[in-house]
Amino acid sequence: MFGDRLKELRKKKGYTQVSLASELGVSKGTIAMWEVGKRKPDFETLCNLSEFFDVRTDYILGQSDDDSSVTLTIETINQLGAWETEERLKELFELYLTIDTYGKSNIENLIRSEANRCKDQGTSEDISGIQINVAFDK
């Protein structure tokens, strides 16, 4: 199955065995052996093939029909960043809720002071595109 997938991907990209071998830094014979199933690439080479053809390794191996890109889109990267920020803020908010009144007052004063400092220096972050929802379940 790997050999068939490799051959399919190679042809789809318009490569010959010779040109693909040159791109990957292997011999034409190695490509031929992979395609007929007499050899398989090592893990590093498999990863290189995945990046080169921009498909998942399980697709190249014939273990999946999902030929989606391994490259993250800007939208996906932004979403991952948003989820990470959301988790970090949730953790900080939960910790804030455990602090006594005196501690909460100190933290609020610090945040206000830092917000003013950033505003004065022109280093404030733009939050115009951010929506914040807070919910309490009890």
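One can find the structure itself at the top, above this paragraph.
Only a predicted model underlies this, so the values are computations on that prediction, with no experimental measurement involved.

About the thresholds
- Residues numbered from 1 in each chain as written.
- Predicted model: local features only at pLDDT ≥ 70, side-chain atom pairs only at ≥ 80, totals over all residues.
- Heavy atoms only, no water.
- Helix = DSSP H or I, 4+ residues; strand = E, 2+ residues; numbered from the N terminus.
- Rg over C-alpha atoms; globule rule 2.2 N^0.38 Å.
- Buried < 20%, exposed > 50% of the residue type's maximum accessible area, 1.4 Å probe, protein only.
- Contact = heavy atoms within 4.5 Å.
- Areas by Shrake-Rupley, 256 points an atom, 1.4 Å probe, with all protein chains shown as cover.
- Lys, Arg positive; Asp, Glu negative; His and termini not counted.
- Charge placed at Lys NZ, Arg CZ, Asp CG, Glu CD.
- Patch = residues over 30% accessible without salt bridge, like charges linked within 9 Å, V, L, I, M, F, W, Y side chains within 5 Å.
- Salt bridge = Lys/Arg side-chain N within 4 Å of Asp/Glu carboxyl O.
- Core = buried A, V, L, I, M, F, W, Y, C linked by side-chain atoms within 4.5 Å.
- Phe/Tyr/Trp six-rings, centres within 6.5 Å; stacked < 30°, edge-to-face > 60°.
- Lys NZ or Arg CZ within 6 Å of the ring centre and 35° of its normal.
- Arc of directions from axis to C-beta.

Q: Please set out the overall build of the chain residue by residue, giving values where relevant.
A: Helix and strand counts for the chain come out as seven helices and zero strands. Ordering the α and β elements of the chain from the N terminus gives α-α-α-α-α-α-α. For the chain, the C-alpha radius of gyration of 26 Å lies well beyond 14 Å, the compact-globule estimate for 138 residues. Split into buried and exposed, the 138 residues of the chain put 20% on the buried side. In the chain, the proportion of contacts linking residues at least 24 apart, taken out of those at least 6 apart, comes to 42%. Accessible area of the chain: about 10,800 Å², with a carbon and sulfur share of 52%. With 18 positive and 25 negative side-chain charges, the chain shows a separation of 8 Å between the mean positions of the two kinds.

Q: For a nonpolar patch on the surface, give the residues involved together with the corresponding values.
A: On the surface, Phe93, Leu97, Ile127, Ile130, Ile132, Val134 and Phe136 cluster together into a nonpolar patch covering about 760 Å² of accessible area. Of note, Val134 is situated in the segment after helix H7 (101-121). By relative accessible area, which is 57% here, Val134 ends up exposed.

Q: For the nonpolar core, give the residues involved together with the corresponding values.
A: Judged by nonpolar contacts, the single largest core of 13 residues is most densely connected at Phe2, Leu6, Leu49, Phe53 and Ile60. Of all the secondary structure elements, the ones that give two or more residues to this core are helix H1 (2-12), helix H2 (17-24), helix H3 (28-36), helix H4 (43-53) and helix H5 (57-60). For Leu6, the residues in contact, after removing those within four places along its chain, are Leu20, Trp34, Glu35, Leu49 and Phe53.

Q: Got a sec to walk through H3? Specific residues and values, please.
A: Every buried residue belonging to H3 is among Thr30, Ile31, Ala32, Trp34 and Glu35, and all of these are buried. Where H3 is buried, its residues touch H1, H2 and H4.

Q: Talk me through the packing of aromatic side chains; I want residue IDs and the actual numbers.
A: Under the criterion given, the structure shown has five aromatic pairs. When the ring of Phe52 is compared with that of Phe53, the centres are 5.0 Å apart and the planes differ by 85°; the resulting orientation is edge-to-face. With a centroid separation of 6.3 Å and 55° between ring planes, the pair formed by Phe93 and Phe136 is classed as tilted. In this pair, Phe93 is assigned in helix H6 (residues 74-98) and Phe136 in the segment after H7, connecting sequence segments 43 residues apart. Overall, Phe93 belongs to the partly exposed group, its relative accessible area being 35%. Judged by its relative accessible area of 61%, Phe136 falls in the exposed class. In textbook terms, an aromatic cluster arises when at least three aromatic residues are bridged by ring pairs, as seen for Tyr15, Phe52 and Phe53. The ring of Tyr59 carries Arg5 above its face, with NZ or CZ at 3.9 Å from the centroid.

Q: Can you break down H2 residue by residue, with the values?
A: If you check which residues of H2 are buried, you get Gln17, Leu20 and Ala21. Within H2, the buried residues cover an arc of 100° as seen down the axis, which keeps them to one side. Opposite the buried face of H2, at more than 90 degrees from it, the exposed residues are Val18 and Ser22. If you follow the buried residues of H2, they end up packed against H1, H3 and H4. Directly after H2, the chain includes Gly25, whose backbone phi takes a positive value near 75°.

Q: Residues and numbers for the environment of Lys119, please.
A: With respect to the helices, strands and loops of the structure, Lys119 is situated in helix H7. Classification of Lys119 as exposed rests on a relative accessible area of 63%. The spacing of Lys119 and Glu86 is 33 residues in sequence and 23 Å in space, taken between C-alpha atoms.

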